[in-house]
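# Architecture and fold: a report
One-letter residues, chain by chain:
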Amino acid sequence: MVLKVSEVSGILDRYHGDFESAEGLLRASFPSFGESLVGGMTLRSKRSAVCAESPTSSCGSTLSLSSILSTSPAKASVVSASSVSSKPIPIVAQKKHSTYVEKGQFHTWIGAMRAQSPPHILSLHSDTPDAFDLETAVHKSWLERHPSALSSFHKVIKNAHKKQIVVFLDYDGTLSPIVEDPERAFMSTEMRATVKDLASCFPTAVISGRSRSKVFDFVQLTELYYAGSHGMDIMGPAKSSDGFRVKGTKSRDKRGNDVVKFQPASEYLPVINKVCNALIESTKSIKGASVEHNKFCVTVHFRRVNEEYWEVLAERVQNVLKDYPTLTLTHGRKVLEVRPCISWDKGKAVEFLLKSLGYKDTGDVIPLYIGDDKTDEDAFKMVNRAKHGCSILVSSVPKPSDAKLSLQDPSEVMEFLRRLVRWKKWGLESRNSIQMGVYDFKYYLS
C-alpha cells in the first residue's frame, strides 16, 4: 500500500493534540520524512520548537521532546566485544546541575509525559479508514526494521557456536505485565520457572529501575545477578565460578548467602532519602500519584493520574528538585524518575556485569538484552556495539528504539527464553538424540 503525502497530512491534522506522539512514531517508521514538510506541515512540533535542545550530558535533562521524537536510530558501528570492554568504565563523576528549568523547557516535561503513553493514532480502528490504513502501514514498516525475535530466532543463535550467551532482562513490562499498581507487578509461576531454567543454561541478570531488593522479592531466584536502581545497585553470588572478579564489597544476603555488591552511587543515599520524603509530601494531594523509593533513585508514578493534573504534578516535582543540583530528572513509561547525577545507566551496568563475569577483552560472548522502556535504550546501544550482540524491544506498538528485534509482550518473552533453553539443551544432547534417531532440529526452534 502506498500512502499519499496529503493523506498522512490529513490524518495528522485531525489528531493535532497527539502530534508529538505521532511525530516520533512517523519518524521511527518512515525515516525519509526527516524534518521535511509533509503536506504543508513541518514534522517538528510547535512545543519542541519553543525549547532548544540542551547539550548532551550524562547529567543533562532528558525530558526534551527533541530527544524523544528523534529521527530513527542510525545503525551502530560493528566492533568486537573486546574493543567494547577494553576501556575503563567511568563510575562516579558528580556534576553540579540544576533541574530547575524555564517555563518553555517545563512544557517539554509535560510533552514527555504524554509521549510515554501509547500513541493514540494506533487505536483509531473505529470509522476512520484512513487512520486504520496508516496504522497498518506504520506497523508494517516498523516491523521491517524491528522484526520479531521469534521469527528471527535462527539468526540470533546462528553465531552462538563456541560462544557464551549472557542474558540481561528488564523486569516491568518484560518479565511481568505493566499493571496499574506497581506494587502488584508479579511475574507468573510459568515465567519464574522459565527464568530459572534459563539461569541454569546461561549467566542471567535482571536490570531494573526498581530497587534491587524489591526486584529480588518479585523474582525470588538466588542464581541470578540483580541490578536495581538502573544498575546503581548490583549484587551477584560471590562463590559462583563465574562470579564477580572486579570491584565490589563482599557481604551476605538475608538468607545468609555470600554475595558481592557494587554500588557506584552510595554517597547519594542521604540526599535521595530527603528528596523522596519531600516528593511524597508534595504530591500526596494529587489523586493517583505515588512515589516509590528505589534506594538510589526515586520514581514518581502518574499512570493513575488524570492527564489534566499532569502539569501540576510535574510542577511540584520541579519545585522539589530545584534545591538539589546533584540530582537529575529522567522519564520512563508513565513515570518521572529522580537519579544521582552520575555517568551510570543500564548500559554501563551491562558492561560492568560482562567484565565481572570474566568476559573482559574477549569476543567469545553474545550479550542479549530484552527490555521495554526508554531507560533500556542505553543497554540496547551498548549491546549493539558487540559484534554479535542482540537487543530486543518488548512493545506491541511501533516506537523509536535502538533495538534490532522486537517481541510484543511478556508471553512472547517467555516463549523466546524457552527456545533459548531448548536450543542450549539440544546442543548438549544432540549427539545422543542423533544416535537414538529422535533428532528434530525444528522442534528446538519452534
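Refer to the structure printed above.
Report follows, based on the coordinates. In this text the structure is predicted, and so the values were computed from the model without any measurement.

Rules used in this analysis
- Residues numbered from 1 in each chain as written.
- Predicted model: local features only at pLDDT ≥ 70, side-chain atom pairs only at ≥ 80, totals over all residues.
- Heavy atoms only, no water.
- Helix = DSSP H or I, 4+ residues; strand = E, 2+ residues; numbered from the N terminus.
- Buried < 20%, exposed > 50% of the residue type's maximum accessible area, 1.4 Å probe, protein only.
- Areas by Shrake-Rupley, 256 points an atom, 1.4 Å probe, with all protein chains shown as cover.
- Pairing = 2+ DSSP bridges.
- Axes fitted to C-alpha atoms, helices over the stretch in contact; angles between N-to-C directions.
- Polar contact = N/O pair within 3.5 Å; in protein donor to acceptor, adjacent residues only side chain to side chain.
- Salt bridge = Lys/Arg side-chain N within 4 Å of Asp/Glu carboxyl O.
- Phe/Tyr/Trp six-rings, centres within 6.5 Å; stacked < 30°, edge-to-face > 60°.
- Right-handed = clockwise from strand over helix to strand, strands pointing away.
- Parallel < 35°, antiparallel > 145°, perpendicular 65-115°, else oblique.
- Contact = heavy atoms within 4.5 Å.
- Nonpolar A, V, L, I, M, F, W, Y, C, P; charged D, E, K, R; others polar.
- 1 Å grid on protein atoms, 1.4 Å probe; cavity = no way out; pocket = protein on both sides within 12 Å on 5 of 7 lines; lining within 4 Å.
- Points joined across faces, edges and corners; volume = space filled by probe spheres on them.

Helix and strand counts for the chain stand at 16 helices and 15 strands. Out of the 446 residues belonging to the chain, those deemed buried represent 53%. Within the structure as shown, the chain displays about 20300 Å² of accessible surface, and the carbon and sulfur contribution to it stands at 51%.

With respect to topology, four strands assemble into an open sheet ordered S9-S10-S12-S11, the strand pairing being antiparallel. Looking at strand neighbours, the two that pair on one side only are strand S9 (290–293) and strand S11 (327–332), the edges of this open sheet. Averaged over all adjacent pairs, the angle separating strand axes in this sheet is 20 degrees, with direction ignored. As judged from the four bridges shared by strand S10 (residues 298–301) and strand S12 (residues 335–340), these two strands associate in the antiparallel manner. Following the sheet pairing, valine 298 is matched in S12 by valine 338.

Our focus in this paragraph is helix H13 (residues 346–356). In terms of residue burial, H13 counts as a mostly covered element, since 11 of its 11 residues are buried. For H13, the capping residue at the N-terminal end is aspartate 345, with a side-chain oxygen 2.9 Å from the backbone nitrogen of glycine 347.

Turning next to the pattern of salt bridges. Under the definition given, this model contains 14 salt bridges. The salt bridge involving arginine 210 is made with aspartate 172; its shortest N-O contact spans 2.9 Å. Pair noted here: arginine 210 is in the loop between strand S4 (204–207) and helix H10 (212–219) and aspartate 172 is in the loop between strand S3 (164–169) and helix H9 (189–201), with a separation of 38 residues, a long-range link. Each member of the pair, arginine 210 as well as aspartate 172, carries the same accessibility label: buried.

Before going further, it helps to spend a moment on the packing of aromatic side chains. In total, this model carries nine aromatic pairs according to the counting rule given. When the ring of phenylalanine 153 is compared with that of phenylalanine 416, the centres are 5.6 Å apart and the planes differ by 75 degrees; the resulting orientation is edge-to-face. Here the residue phenylalanine 153 occupies a position in helix H8 (residues 153–157), and phenylalanine 416 occupies one in helix H15 (residues 410–436), the gap between them amounting to 263 residues. Residue phenylalanine 153 shares its accessibility class with phenylalanine 416, and that shared class is buried. A ring pair is formed by phenylalanine 186 and phenylalanine 218, whose centres lie 5.7 Å apart and whose planes are at 70 degrees; its orientation type is edge-to-face. With phenylalanine 186 in the loop between S3 and H9 and phenylalanine 218 in helix H10, the pair connects residues that are 32 residues apart, well separated along the chain. Residue phenylalanine 186 is classed as partly exposed on the basis of its relative accessible area of 46%. One aromatic cluster is present, formed by Tyr171, Phe186 and Phe218 through successive ring pairs.

Buried residues dominate strand S13 (residues 365–371), accounting for seven of its seven residues. The side-chain alternation of S13 yields two buried faces, one formed by Val365, Pro367, Tyr369 and Gly371 and the other by Ile366, Leu368 and Ile370. Here six bridges tie S3 to S13, and the two strands are oriented parallel to one another. In the strand pairing of S13, leucine 169 is matched with isoleucine 370. In the sheet, S13 pairs with strand S14 (residues 390–394) via four bridges, with the strands oriented parallel. For glycine 371, the partnering residue across the bridge sits in S14 and is leucine 393. Taking the sense of rotation as the criterion, the β-α-β connection linking S13, helix H14 (residues 377–384) and S14 turns out right-handed.

Turning next to the packing of H13 against H14. At a minimum axis separation of 6 Å, H13 and H14 run at an interaxial angle of 45 degrees. Of the possible angle classes, the one that applies to H13 and H14 is oblique. Each of Lys346, Gly347, Val350, Glu351 and Leu354 in H13 lies in contact with H14, whose residues at this interface are Asp378, Ala379, Met382 and Val383. By residue class, the composition of the contact of H13 with H14 is five nonpolar, one polar and three charged.

This part covers empty space enclosed by the protein. Tallied over the entire structure, the rule returns two cavities of 30 Å³ or more. When its volume is computed, the largest cavity comes out at roughly 390 Å³. Lining the largest cavity are 28 residues, and of these Asp172, Arg210, His301, Arg333 and Val335 lie nearest its centre. Those elements that provide at least two residues to the lining of the largest cavity are S9, S10 and S12.

Moving on, we come to unusual backbone geometry. Excluding glycine, residues mostly have negative phi values, and the peptide bonds linking residues are mostly trans. Unusually for a residue other than glycine, lysine 162 sits at a positive phi of about 60 degrees. Given a relative accessible area of 74%, lysine 162 falls into the exposed group. Phi angles above zero are rare outside glycine, and glutamine 220 is one such case at about 60 degrees. Structurally, glutamine 220 can be placed in the loop between H10 and strand S5 (225–228).

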